[in-house]
Amino acid sequence: MSSDAPSPPPVFRLQTFLPHQLAVLANRTSEGFSAIYSAGFGLSVPEWRILATLGEGSPIRAKDIEAIRHMHKTVVSRAVATLQERDLVAATANADDKRERFLALTDAGRALYEEIVPLGLAYERQVLDRLEAEERIELQRLLGKLIARTATDPER
């Protein structure tokens with residue numbers, strides 16, 4: 001005998017909903033580290049992300065920073081302008097397209113990057129120190145898998 005009774009609605013708990021959990025974790029960890037580079041070096045979150053991106057390898061175009069760091073064009077533009085005013089970033093014209101500029105760290109920008117990076121790595125160790133080595137490896141693997149999935153998921 002089949003029942004025509006409606007099935008109960010699915011249970012939803014924001015606290016255990018993956019997008020919410022990831023947002024909370026991202027906000028907490030970002031705020032924790034930003035307190036270090038903001039108070040100590042006067043950088044905003046976008047400024048630090050641009051400085052770090054250029055520190056990893058430059059020169060690079062602003063639109064490439066927008067794409068790889070998932071930052072809005074206006075946010076990147078404002079942060080780059082501030083970094084240039086502080087003589088931390090320099091822009092040079094693209095020989096193939098004069099409207100486009102390549103960004104790179106100045107010597108002062110490189111020195112600042114090299115001063116902040118050890119602080120960032122220490123902060124990361126502090127956050128991860130509650131995990132066993134195998135758990136850290138597994139976390140990196142799972143995060144990579146989820147990031148790849150959300151970048152290519154046709155349902156998105």
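Being a predicted model, the structure only gives us computed values, none of them experimental.

### A short note on the side chain of Glu-66
Here comes step 1: In this fold, Glu-66 is placed in helix α3 (residues 62-69).
Here comes step 2: Lys-73 is the oppositely charged side chain nearest to the buried, salt-bridge-free Glu-66, at an N-O distance of 6.1 Å.
Here comes step 3: Setting aside residues no more than four positions away along its own chain, Glu-66 makes contact with Met-71, Lys-73 and Val-76.

### Side note on the packing of aromatic side chains
Here comes step 1: All chains considered together, the criterion is met by 6 aromatic pairs.
Here comes step 2: Chaining the aromatic ring pairs together yields one cluster made of Phe-33, Tyr-37, Trp-48, Tyr-113 and Tyr-123.

### Re the sheet that holds strand β3 (residues 101-105)
Here comes step 1: Pairing is antiparallel in the open sheet, where 3 strands are placed in the order β1-β3-β2. Edge strands, defined here as strands with exactly one partner in the open sheet, are β1 (60-61) and β2 (89-93).
Here comes step 2: In terms of strand pairing, β1 meets β3 through 2 bridges, oriented antiparallel. Paired with Arg-61 across the strands is Phe-102, a residue of β3.

### Things to note about the confidence of the model for the chain
Here comes step 1: Taken over all residues, the pLDDT of the chain has a mean of 90, while the share at 70 or more is 96%.
Here comes step 2: In the model of the chain, α3 stands out as the element of lowest mean pLDDT, 88, in contrast to helix α5 (residues 107-128), which has the highest, 96.

Reading the values: rules and limits
- Along each chain, residues carry numbers from 1 onward, in the same order as the chain's sequence is written.
- Where local features are concerned, this predicted model is filtered to residues with pLDDT of at least 70; where side-chain atom pairs are given and counted, the filter is 80 or more; whole-chain, interface and lining totals use all residues.
- To obtain the side-chain values, all non-hydrogen atoms of the structure were included, while hydrogens and water were left out.
- Numbering of helices and strands starts at the N terminus; helices are DSSP runs of H or I of at least 4 residues and strands are runs of E of at least 2.
- The classification of residues rests on relative accessible area computed with a 1.4 Å probe and restricted to protein chains. Under 20% of the type maximum is buried, over 50% is exposed, and intermediate values are partly exposed.
- In summary, the charge assignment counts Lys and Arg as positive and Asp and Glu as negative, without counting His or the chain termini.
- We define a salt bridge as a contact between a side-chain nitrogen of Lys or Arg and a carboxyl oxygen of Asp or Glu at a distance within 4 Å.
- What makes two residues a contact is simply this: any of their non-hydrogen atoms within 4.5 Å.
- Stacked, edge-to-face and tilted labels apply to pairs of Phe, Tyr and Trp rings (six-membered ring for Trp) whose centres lie within 6.5 Å, assigned for plane angles under 30 degrees, over 60, and everything in between, in that order.
- Two strands form a pair only when DSSP identifies at least two bridges running between them.
- A score between 0 and 100, pLDDT records how confident the predictor is in each residue.

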